Amino acid sequence: MHATNTDDARGRGARVRAGRRRITSRAELEQVAFDLFEQRGFEQTTVEDIASAAGIGRRTFFRYFASKNEVPWGDFDGELARMRRRLAATPPQAPLMEAIRQAVVDFNKMPAEQWPAHRRRMTFILGVPALQAHSTLRFAAWRAVIADFAGQRTGQRPDDLLPSTIAHAMLGVAVAAYEQWLASPDADLCELLDAGVRALRSAFASSGE
């Protein structure tokens, strides 16, 4: 969204405040924020800027996101919970790395109409230096899901060497796939992830699958 659209959003917000309060959603608020991040830069955009452009108050913003840093991550906690359930439902006889491959690819599947917004999201997450410290915490939470599952399957603690190595390696594959995807507009993210995890699976073939 460029300056003209931002002004329109502010105008709508003013009209709504004069009458019935505008109803918004997390997804809509994300897109307003993404437009401002692209227009002004992430660090130069404030919570007040986002709230104003969305036609809501600062307090309403914090009902959706705990901070500006959380905006690019969307409902990440909910998605992690979904991946954890997906792994937990894997049949016991399924090979460890195959189960992880399927879960990671599934974690990143989405309807075609959501891909442009997701590309914007990941451009911020992987490309904005100011977000890197926060991203480290989010990546650690993602790795924990993989390490917990690998630990259960191998009879080890999640922080033991093998489960931890698998989790770190899986994150490396995911980040590499995303970087390739962002650099190649015609690439298929799930195909990149699938190929990367299959290659990694071969490397872990002797880990007790």
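Structure: see above.
Residues numbered from 1 in each chain as written. Predicted model: local features only at pLDDT ≥ 70, side-chain atom pairs only at ≥ 80, totals over all residues. Heavy atoms only, no water.

(A) Broad picture of the packing of aromatic side chains. In this structure the tally under the stated criterion is 11 aromatic pairs. Seen from their ring centres, F34 and F124 are 5.2 Å apart, and the 45° between their planes marks the pair as tilted. Taken as a pair, F34 in helix α2 (residues 26-40) and F124 in helix α7 (residues 115-127) lie far apart in primary sequence, 90 residues in all. With respect to class, F34 is no different from F124; both count as buried. With 6.4 Å between their ring centres and 85° between their planes, F76 and F107 make a pair best called edge-to-face. (Phe/Tyr/Trp six-rings, centres within 6.5 Å; stacked < 30°, edge-to-face > 60°. Helix = DSSP H or I, 4+ residues; strand = E, 2+ residues; numbered from the N terminus. Buried < 20%, exposed > 50% of the residue type's maximum accessible area, 1.4 Å probe, protein only.)

(B) Structural detail: the packing of helix α6 (residues 96-107) against helix α8 (residues 132-154). Axis separation between α6 and α8 bottoms out at 11 Å; the angle between their running directions is 155°. The angle between α6 and α8 falls in the class roughly antiparallel. Considering how the two elements wind past one another, α6 and α8 form a crossing that is right-handed. Note on element contacts: α8 touches α6 through W142, I146, F149, A150, R153 and T154, opposite L96, A99, I100, V104 and F107. A per-class count over the contact of α6 with α8 returns 9 nonpolar, 1 polar and 1 charged. (Axes fitted to C-alpha atoms, helices over the stretch in contact; angles between N-to-C directions. Parallel < 35°, antiparallel > 145°, perpendicular 65-115°, else oblique. Left-handed = near helix turned anticlockwise from the far one by under 90°. Contact = heavy atoms within 4.5 Å. Nonpolar A, V, L, I, M, F, W, Y, C, P; charged D, E, K, R; others polar.)

(C) Main features of the nonpolar core. Within the largest apolar cluster, 36 residues are counted, with the highest numbers of intra-cluster contacts made by M83, L87, I100, W142, I146, I166 and M170. For this core, the elements supplying multiple residues, two or more each, are α5 (76-88), α6, α7, α8, α9 (161-183) and α10 (189-203). Looking at which element gives the most residues to this core, the answer is α9, with 9 residues. Beyond its immediate stretch of four places on either side in the chain, I146 contacts M83, L87, I100, V104, I166, A167 and M170. (Core = buried A, V, L, I, M, F, W, Y, C linked by side-chain atoms within 4.5 Å.)

(D) Inspection of the pattern of salt bridges at higher detail. In this structure the tally under the stated criterion is 17 salt bridges. The partner of D49 in a salt bridge is R40, and the shortest N-O contact between them spans 3.2 Å. Its salt-bridge partner being R201, residue E98 comes within 2.3 Å of it at the nearest N-O pair. Here R201 lies in helix α10 and E98 lies in helix α6, a separation of 103 residues in the sequence. The class for E98 is buried, based on a relative accessible area of 15%. Overall, R201 belongs to the partly exposed group, its relative accessible area being 23%. Salt bridges linked by common partners bring E98, R101, D194, R198 and R201 together as one network. (Salt bridge = Lys/Arg side-chain N within 4 Å of Asp/Glu carboxyl O.)

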